[in-house]
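The primary structure of each chain is shown beneath.
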Amino acid sequence: MKIIPRFVLLAVLVALGVWLWFVLFPSPEKIIRQRLIKLARTASFSSGEGNLARLAAAEDIAGYFATNVEVDINVPGRVQHTLVGRAEIQQAALGARERLSGLKVTFPDINITVAPDKQSATADLTVEANIAGERDSIVQEMKFTFQNTEDGWLIARVETVRTLS
Amino acid sequence: MPAQNPAEGLNGRGQSQVPRWLRIAVIGRNPKVTLARAAVLAVLCFIVFKFVLLHIRVEGISMLPTYADGSAHFVNRLAYLWHEPRRGDVVGIRFSGGVTNTPAGIHHAANWLEPPHVMLLKRIVGLPGDTIAFVSGQALINNQVLDEPYEKLPCDWNLPPEKLGADEYFVVGDNRSMPPELHMFGKARRDQIVGKATR
């Protein structure tokens, strides 16, 4: 009669152990996914943000990127822009926060591929951005290349992807 | 003296105060069976609307006048289970997320467990192997004018001929009154096509 409660207890303990293992030792895919979600949250802002908060957020955003990062945005007929290095990223983030009254960024449909040596990874994702006061959202497919550094997984390259060729 | 229990809603003789017909209408003759049916229905609805019929809300004017900005529709992922997409079909096209990683490599295929959250809504005008061009706003497929009754807005596009590959479909919106630079159109791979949109 006591075998069933013991079996249930064992199953619960095994499940707890597996869960704990994944929490303590997350896979690179999970780490990168979490970093992207955090980056989207940090890039989002609403009106009424103070100057210090803006500066802190811009610095925080730059921290997600490698020092020699290259961001190549190329949407034919709309925008073409290249940023190189953390400093330019920080300036661009600060400029966006000063110009816009609010922004909500999300990365739906993230697809991560980690290289066999686990030193680099690519994330193919959709960027959805809603600017405060504008009805339609901006949607763009993008590719993020990550590098595994001493400071963790950092974004080394960002480029736009043409969904329809 | 027997006391009535208000929580049970019974009268002194142990009978419910709720009319029998109302009880049957609401919870059925057998509450356990009704509960089981409700559970099955809930699971079925979850599976259907999470993985098969994807709810979409149109954003933008590129599919006017067929699909109005802000209107709600579904994309049926089972539509192309038995046949390939056809000319004139309005389809949902995924941006990212169509790739499945396995130890054997990367596969471009529809990942049924991860339906896309954001899609493009476009009409298929060119099928694999076709050559497509636009001359004075008219779509030419293999040098033949394509009859497009759904296209009601004036168009003056001129685009050079383009040959589609074995796995490529040419998709475009119905509103070609907007400049081509502002209209997202072009070649989509078969694995990018999520399903057929409903009207």
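The model shown is predicted, which means the values in this text are computed figures rather than measured ones.

Undergrad: Pulling in residues and values, what's your account of the pairing of strand β13 (residues 193-197) of chain B?
TA: Residue and element names in this part refer to chain B. Counting buried positions over the five residues of β13 gives four, a clear majority of the element. Looking at chain direction, strand β2 (residues 72-76) and β13 are connected through two bridges and run antiparallel. Within the sheet, the bridge partner assigned to V75 lies in β13 and is A197. Here three bridges tie strand β3 (residues 90-94) to β13, and the two strands are oriented antiparallel to one another. Within β13, the position partnered with I93 by the bridge is I193.

Undergrad: I'd like a description of helix α2 (residues 28-43) of chain A, backed by residues and values.
TA: Residue and element names in this part refer to chain A. For α2, built from 16 residues, the straight-helix expectation of 22 Å at 1.5 Å per residue is met to within 8% by its first-to-last C-alpha distance of 22 Å. By the burial criterion, the buried members of α2 are I32, L36 and A43. Each buried residue of α2 lies within a common arc of 40 degrees when the element is viewed along its axis, so the set occupies one face. Of the exposed residues in α2, those oriented more than 90 degrees away from the buried face are Q34, K38 and R41. In this structure, the buried side of α2 is in contact with α3 (51-62), β3 (103-106), β4 (111-114), β5 (120-131), β6 (138-149) and β7 (152-160).

Undergrad: Account for the environment of Q91 of chain A, naming residues and giving values.
TA: Residues and elements named next belong to chain A. On the secondary structure map, Q91 appears in helix α4 (residues 86-99). You can call Q91 partly exposed: it has 14 C-beta atoms within 10 Å. The spatial distance from the C-alpha of Q91 to the C-alpha of L52 is 14 Å, given a sequence separation of 39 residues.

Undergrad: Describe the packing of α3 of chain A against α4 of chain A, and please don't skip the residues or the numbers.
TA: All names here are of chain A. Packing of α3 against α4 leaves a shortest axis separation of 8 Å and a crossing angle of 140 degrees. The angle between α3 and α4 places the two elements in the oblique class. As for the relative orientation of α3 and α4, their crossing is right-handed in sense. In contact with R54, L55, A57, A58, E59, I61 and A62 of α3, α4 contributes R86, I89, Q90, A93, L94, R97 and E98. Along the lines of polarity and charge, the residues of the contact of α3 with α4 split into eight nonpolar, one polar and five charged.

Undergrad: Tell me about the interface of chain A and chain B, and please be specific about residues and values.
TA: Contact with chain A, which involves 17 residues of that partner, is made by 20 residues of chain B. Of all the elements in the fold, those that place two or more residues in the side of chain A that touches chain B are β4, β5 and β6 of chain A. The dominant element in the side of chain A that touches chain B, judged by the number of residues it contributes, is β5 of chain A, at four residues. Looking at the side of chain A that touches chain B, its residues break down into five nonpolar, seven polar and five charged.

Undergrad: Any chance you could break down unusual backbone geometry for me, citing the residues and the numbers?
TA: At the junction of L64 of chain B and P65 of chain B, the peptide bond is cis and its omega measures out at 0 degrees in the coordinates. Residue position: P65 of chain B is located in the loop between β1 (53-57) and β2. Even without being a glycine, D109 of chain A presents a positive backbone phi close to 60 degrees. Locating D109 of chain A in the fold gives a position in the loop between β3 and β4. Positive phi values are uncommon outside glycine, yet N143 of chain B reaches one of about 70 degrees. Mapped onto the secondary structure, N143 of chain B falls in the loop between β8 (138-141) and β9 (144-145).

Undergrad: Can you break down the sheet that holds β9 of chain B residue by residue, with the values?
TA: Residue and element names in this part refer to chain B. Here four strands make up an open sheet; going across it, the order is β9-β8-β7-β10 and the pairing antiparallel. Edge positions in the open sheet fall to β9 and β10 (159-163), since each of these has one partner strand only. Where strand β7 (residues 131-135) meets β10, three bridges bridge the pair, whose relative direction is antiparallel. Within the sheet, the bridge partner assigned to T131 lies in β10 and is K163.

Undergrad: Could you give an account of the packing of α2 of chain A against α3 of chain A, naming the residues involved and the relevant values?
TA: Residue and element names in this part refer to chain A. The N-to-C vectors of α2 and α3 enclose an angle of 155 degrees; their axes lie 9 Å apart at closest approach. It follows that α2 is roughly antiparallel to α3 by the angle criterion. The way α2 lies across α3 gives a crossing that is left-handed. Contacts from L39, T42 and A43 in α2 reach A57, D60 and I61 in α3. Here the residues of the contact of α2 with α3 are counted per class, giving four nonpolar, one polar and one charged.

Undergrad: Give me the lowdown on the pairing of β8 of chain B, citing residues and values where you can.
TA: Residues and elements named next belong to chain B. Bridging between β7 and β8 involves four bridges; their strand directions are antiparallel. What sits directly across from V135, in β8, is Q138. With two bridges connecting them, β8 and β9 associate as antiparallel partners. Each residue of the ladder has a partner; that of L140, found in β9, is V145. Between β8 and β9, which pair antiparallel one after the other, the connecting turn spans two residues, and N142 there sits at a positive phi close to 50 degrees.

What counts as what
Residues numbered from 1 in each chain as written. Chains lettered and ligands numbered in written order. Predicted model: local features only at pLDDT ≥ 70, side-chain atom pairs only at ≥ 80, totals over all residues. Buried ≥ 20, exposed ≤ 12 C-beta atoms within 10 Å, placed from the backbone. Helix = DSSP H or I, 4+ residues; strand = E, 2+ residues; numbered from the N terminus. Pairing = 2+ DSSP bridges. Expected span 1.5 Å × (residues − 1). Arc of directions from axis to C-beta. Contact = placed C-beta atoms within 7 Å. Axes fitted to C-alpha atoms, helices over the stretch in contact; angles between N-to-C directions. Parallel < 35°, antiparallel > 145°, perpendicular 65-115°, else oblique. Left-handed = near helix turned anticlockwise from the far one by under 90°. Nonpolar A, V, L, I, M, F, W, Y, C, P; charged D, E, K, R; others polar.

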